[in-house]
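Residue-level structural notes
Each chain is listed here by its residues.
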Amino acid sequence: MDRLEKLHGKTFEETSTAERYKALSFLVRDYIAKQWIGVNQQNHKEKQKQVYYLSIEFLLGRMLGMNLMNLGIYDTCAAAMAELGANLREIEEAEEDPGLGNGGLGRLAACYLDSMAAENLPGHGCGIRYRYGFFEQDVVDGYQVEVPDNWLNDGFVWEFRRRDEAVTVKFGGNVRVQSNGKLRYYHENYESVLAVPYDVPIVGYQNGTINTLRLWSAEPAKADFVCSAFNRNDCLKVIDYKNSVETISSVLYPDDSSYEGKVLRLKQQYFLVSSSLQHIIAGFKKDRLPLAKLSDHVALHINDTHPTLAVPELMRILIDEEGMGWDEAWQITVDTMSYTNHTVLPEALEKWPEELFQTLLPRIFIIVNEINERFCQELWDRYPGQWDRIRSMAVLADGNVHMAHLAIVGSHSVNGVAQIHTEILKNKVMHGFYHFYPGKFNNKTNGVAHRRFLIKCNPELTELINDAIDSDWIHYPCDLLGLLKYENDETFARSLAAVKRHHKVLLSRYIKDWNGFYVDPDSIFDSQIKRIHGYKRQTMNAFHIMHLYNRLRENPDMDLTPRTFIFGGKSAPGYAQAKRTIKLINTLAMMINNDKSIHDKIKVVFLENYNVSLAELIIPASDVSEQIPAASREACGTSNMKFMMNGAVTIGTLDGGNIEMRNAVGDDNIITFGLTAEEVMDYYQHGGYNPWDIYNSDNRVKTVLDQLINGFLPAGPDEFRPLFDAFLYHGDQFFVLKDFDAYVDAQIRLEKLYRDKRLWGNMCIHNIAHSGKFSGDRTFTEYSMDIWKMQPAIPVRCYCRSDDALAKLLHGCAMPRNGHGPAAFPS
Ligand code: NBG
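The rules we used
Residues numbered from 1 in each chain as written. Predicted model: local features only at pLDDT ≥ 70, side-chain atom pairs only at ≥ 80, totals over all residues. Heavy atoms only, no water. Near = heavy atom within 4 Å. Polar contact = N/O pair within 3.5 Å; in protein donor to acceptor, adjacent residues only side chain to side chain. Areas by Shrake-Rupley, 256 points an atom, 1.4 Å probe, with all protein chains shown as cover. Nonpolar A, V, L, I, M, F, W, Y, C, P; charged D, E, K, R; others polar. Buried < 20%, exposed > 50% of the residue type's maximum accessible area, 1.4 Å probe, protein only. Helix = DSSP H or I, 4+ residues; strand = E, 2+ residues; numbered from the N terminus. Pairing = 2+ DSSP bridges. Right-handed = clockwise from strand over helix to strand, strands pointing away. Salt bridge = Lys/Arg side-chain N within 4 Å of Asp/Glu carboxyl O. Axes fitted to C-alpha atoms, helices over the stretch in contact; angles between N-to-C directions. Left-handed = near helix turned anticlockwise from the far one by under 90°. Contact = heavy atoms within 4.5 Å. Core = buried A, V, L, I, M, F, W, Y, C linked by side-chain atoms within 4.5 Å. 1 Å grid on protein atoms, 1.4 Å probe; cavity = no way out; pocket = protein on both sides within 12 Å on 5 of 7 lines; lining within 4 Å. Points joined across faces, edges and corners; volume = space filled by probe spheres on them.

With respect to the site of the ligand
The local shell around the ligand holds 13 residues, among which His342, Asn446, Glu634, Cys636 and Gly637 are the closest. Here Asn446 contributes a side-chain N or O atom positioned 2.9 Å from an oxygen atom of the ligand. At 2.8 Å from an oxygen atom of the ligand is found a main-chain nitrogen or oxygen belonging to Gly637. For the ligand, the protein covers 94% of the area, taking 370 Å² as the surface of the free molecule. Of the residues assigned to the shell around the ligand, the class counts are six nonpolar, four polar and three charged.

Have a look at this one:
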């Protein structure tokens, strides 16, 4: 109260919810800051190994509620607010949702920060403090309209600016080489950019740990800004310079699945790694540790290829600044670095034109060149005369710098994010590297923060589980298996259904408020929420809806369990087909939701501006989770796991994490369909699929596709012509028509299962019970033991401890090893 009044100069009654949010958050921030100091001092004293997770994205989601929960003061705070006549939930909703990421990759990074802190491991994030995060999506007349995400407008309570720890990052210029027996490189005439860190404390779950997410912001280096240009009165130049510098951290690139060779993006990547590494090495030296032992004390993780320049940057620091020889520097670099690949889409694999690279980063280019030459020599020794093979693996080839190749060569560990994805990397996409470095490759199936995506967003389910099996599962998520004993327990099933219905009512209200129409909480809530992309096949879902609608128009009395199809997701601004898919979904919504003749049997909802907060509302309220990518294309997926934890049943293809979910719950508790990854890849390699064959032989497909262009849809006959063309004239790249029949069939199976309440209830229980394996605690524990070789101060709490549970989990959860920590995840 006192804080609120001092901050805003108003009485409590006069303040808005946003002002209350701010006052309360500052209070919590103070509380955290005190503990944080102690933890940081401890880290220095103990010289414990630290991991730095380098990532161009961290999709944090709102922080107030999570921080209160992690500090163990949520209930006290809620009660205090209630006493004042305020509602904590409403206050939480006043927080901007920091969107410093596109989707799965950025959210995964945030989930691992949560897990590392919860498990007492000193693991920190390094990222960029984008002035504008992921754009806000408005839907206007069914179209996506992008609005800048001005998330810092009212300040970000959780950050601590540390101007005194700023470092300089150098771009452009030239390199002078001097040889006095030993070559020395001097970078000259460069442009300096100041990297100013903003630290965000990451609070562990009720354990006193506070780690750090360090976000860098680009500012003009003061000397250049004031002295050289300003004194010459050349104001325009100064402004230009200031703008060009600030642009580096001004905006997040809104694309997660295609690479675009933009200079600014390369600048962002170097800015991130150079500032992070300078800071890490300086800290290391301050602790008086020998650089030769860097990898014993520091692990640097490259999250997808964006931070790959960490490899040559560390080489630069060790050689140019620390005077080390190449071989020693290289050994240290490889031992310290590890790399995760997150995609096999060819268009997403980054490569930079050599010329651009060399101009922007002349010294780094020389180092990359040297790495390439040495690596090609090794390849030559191993595969003499095999030029094509060597070229296909080179770091520099065809005038480009190949970032994934650089990351693999420069790291001691390379991992995929689901078993099938790792197999595809090993056997197809990175096969040459696997042949050359078999020992580097390993799998780490993704996991998600069950504290945010179950405990925080579904307190009612959490309470039900706690009542049933005690609350130990929060620390040992595999204990959720204990729920299996509630199979066929009517009381439990009723309570579970009541929890689901409660969340469906909340979502239904939200839809009424935002979309303006009513959806029945007793209908099946069927959700597909993720980036809009061809390979994720929102179109297939839409075509199935059109098909159902056609059947209902023919027979409005058809026996169909009412269903609400819910979509959420953003398209990259330049991705025309994905934007058209959004328009298609909204067109269907307009047509179907207003058609009285079908008696509300199906409804279609597109929720605007999908983000982490919306996911927290939709996931607990969903009965069905749509995970239907073209097999082999989705590296893992993570919303599939979040839905599973909240008792939704998956309808999905055999791809990414879905396969391991099926292995965990068994075929009876998940609905799978469609081409396998092998079949899809076989078509990609050898051809043999003609979508016209399906169009001509399957009347359902023909009807739906014709409706795209015959004026049936209220958007007119031309709007969706490009979609029609993509499916028929451009080869249906993601096999939507090919899988359509299997999908319709799977949907029929699903509906039948749903109608059997007892059976469905058991399926939900099975899904929740087996979801422990998909907690980020399991994944990050595997990273920390297998890849980062961390020695935690306090033994890692095993996330899976019961032998009985293990016996039931055929497909794996780590085993306790000598009573401390888990062993490697069985393959
Ligand atoms: C995404 C994959 C998902 C995966 C997440 C997290 C990128 C580049 N990749 O399948 O498409 O779940 O990464 O690993 O965002």
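Quick notes on the pairing of strand 21 (residues 624–627)
Neither face of strand 21 is exposed, since Val624 and Glu626 on one face and Ser625 and Gln627 on the opposite face are all buried. When strand 18 (residues 524–529) meets strand 21, the two strands line up parallel, connected through two bridges. Within the sheet, the bridge partner assigned to Asp526 lies in strand 21 and is Val624. Summarising the sheet, strand 21 and strand 22 (residues 649–653) pair through four bridges and their orientation is parallel. Looking at the pairing, Ser625 lines up with Thr650 of strand 22. The handedness of the strand 21 to strand 22 crossover, carried by helix 25 (residues 639–645), is right-handed.

Re the pattern of salt bridges
Side chains carrying opposite charge are able to pair once their charged atoms draw close together. Scanning all chains against the criterion turns up 40 salt bridges. Among the ionic pairs, Arg391 bridges to Asp398, the shortest N-O distance being 3.9 Å. Overall, Asp398 belongs to the exposed group, its relative accessible area being 62%.

Some points on the packing of helix 29 (residues 699–709) against helix 31 (residues 736–755)
For any two helices packed against each other, one specifies the crossing angle of their axes together with the interaxial distance. Look at helix 29 against helix 31: their axes get within 10 Å of each other, and the N-to-C directions meet at 115 degrees. Where helix 29 crosses over helix 31, the two elements pack in a sense that is right-handed. Residues Arg700, Val701 and Leu705 of helix 29 touch helix 31, and the partners they reach there are Leu737, Phe740, Asp741 and Val744. Looking at side-chain class alone, the contact of helix 29 with helix 31 contains five nonpolar, no polar and two charged residues.

A closer look at the nonpolar core
Buried together is how nonpolar side chains tend to be arranged in soluble globular proteins. Leu483, Phe543 and Leu708 are the most contacted members of the largest nonpolar core, which totals 261 residues. Setting aside residues no more than four positions away along its own chain, Leu708 makes contact with Phe543, Met546, Leu584, Leu713, Gly716, Pro717, Phe720, Leu723 and Phe724.

So, empty space enclosed by the protein
As enumerated under the stated definition, the model contains four cavities of 30 Å³ or more in all. The space that makes up the largest cavity amounts to roughly 180 Å³. Met63, Met66, Asp114, Ile202 and Arg452 are the residues nearest the centre of the largest cavity, which is lined by 15 residues in total. Put simply, the parts of the chain that give the lining of the largest cavity at least two residues each are helix 3 (64–71), helix 6 (104–118) and strand 9 (191–203). Residue composition of the lining of the largest cavity, by class: eight nonpolar, three polar and four charged. Its boundaries defined by the atoms lining it, the second largest cavity holds a volume of some 60 Å³. Every residue along the wall of the second largest cavity is listed here: Lys530, Lys536, Gln627, Ile628, Pro629, Glu634, Cys636, Gly637, Asn640 and Asn658. Within the lining of the second largest cavity, the residues separate by chemical class into three nonpolar, four polar and three charged.

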